[in-house]
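# Understanding the architecture of this molecule
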Amino acid sequence: MLKNRFFIKIISRNTSKRLLDEYHYLHKDGNFRSGINFGLFETETKLLIGVCVFHTVSAKEIVKGCFNIPSYKLDGFMELGRLCMNPHKHEKNLTSFFL
């Protein structure tokens with residue numbers, strides 16, 4: 001089972017950046033918004049194999065419109081900004097498990 005072979009924990013922006021720089025298609029940009037960063041690790045090796053970065057919403061108007069929430073109540077809404085997996089460690093359903 002995947003949950004026995006992998007674990008997820010909050011990681012720093014710098015830790016996220018190392019994997020993103022190596023495998024994310026926007027790596028040449030070098031800059032990304034960061035809020036809460038999660039890392040997917042192999043339990044046995046402690047190797048970081050995935051990064052998921054959530055940050056504040058880019059277009060608050062969309063959240064406001066979808067949920068009919070006043071602008072002053074939008075604090076705490078997050079969106080997925082980056083998702084990246086080490087392609088050499090890919091296996092079926094691993095990205096879904098991570099998300």
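Whatever comes next refers back to the structure up there.
So, here is what we can say about the structure in this document.

So, how was this worked out
Residues numbered from 1 in each chain as written. Predicted model: local features only at pLDDT ≥ 70, side-chain atom pairs only at ≥ 80, totals over all residues. Heavy atoms only, no water. Pairing = 2+ DSSP bridges. Helix = DSSP H or I, 4+ residues; strand = E, 2+ residues; numbered from the N terminus. Axes fitted to C-alpha atoms, helices over the stretch in contact; angles between N-to-C directions. Contact = heavy atoms within 4.5 Å. Phe/Tyr/Trp six-rings, centres within 6.5 Å; stacked < 30°, edge-to-face > 60°. Lys NZ or Arg CZ within 6 Å of the ring centre and 35° of its normal.

## Focus: the sheet that holds strand S1 (residues 6-11)
Paired through backbone hydrogen bonds, the strands of a sheet run either parallel or antiparallel to each other. One open sheet holds the four strands; their spatial order is S1-S2-S3-S4, and the pairing between them is antiparallel. What marks the edges here is a single partner per strand, and that holds for S1 and strand S4 (78-85). Mean inter-strand twist for the sheet, computed between neighbouring axes without regard to direction, equals 20°. Sheet topology places strand S2 (residues 36-42) next to strand S3 (residues 48-56); six bridges connect them, and they run antiparallel. Looking across to S3, one finds that Asn 37 is bridged to Val 53. Those strands touched by helix H2 (residues 13-23) are S1, S2, S3 and S4, and its axis lies near 115° from that of S3.

## Regarding the packing of aromatic side chains
Any aromatic ring pair is given by two values, namely how distant the centres are and how the planes are angled relative to each other. Under the criterion given, the structure shown has three aromatic pairs. Note that Lys 9 overlies the ring of Phe 41, its terminal NZ or CZ placed 5.3 Å from the centroid.

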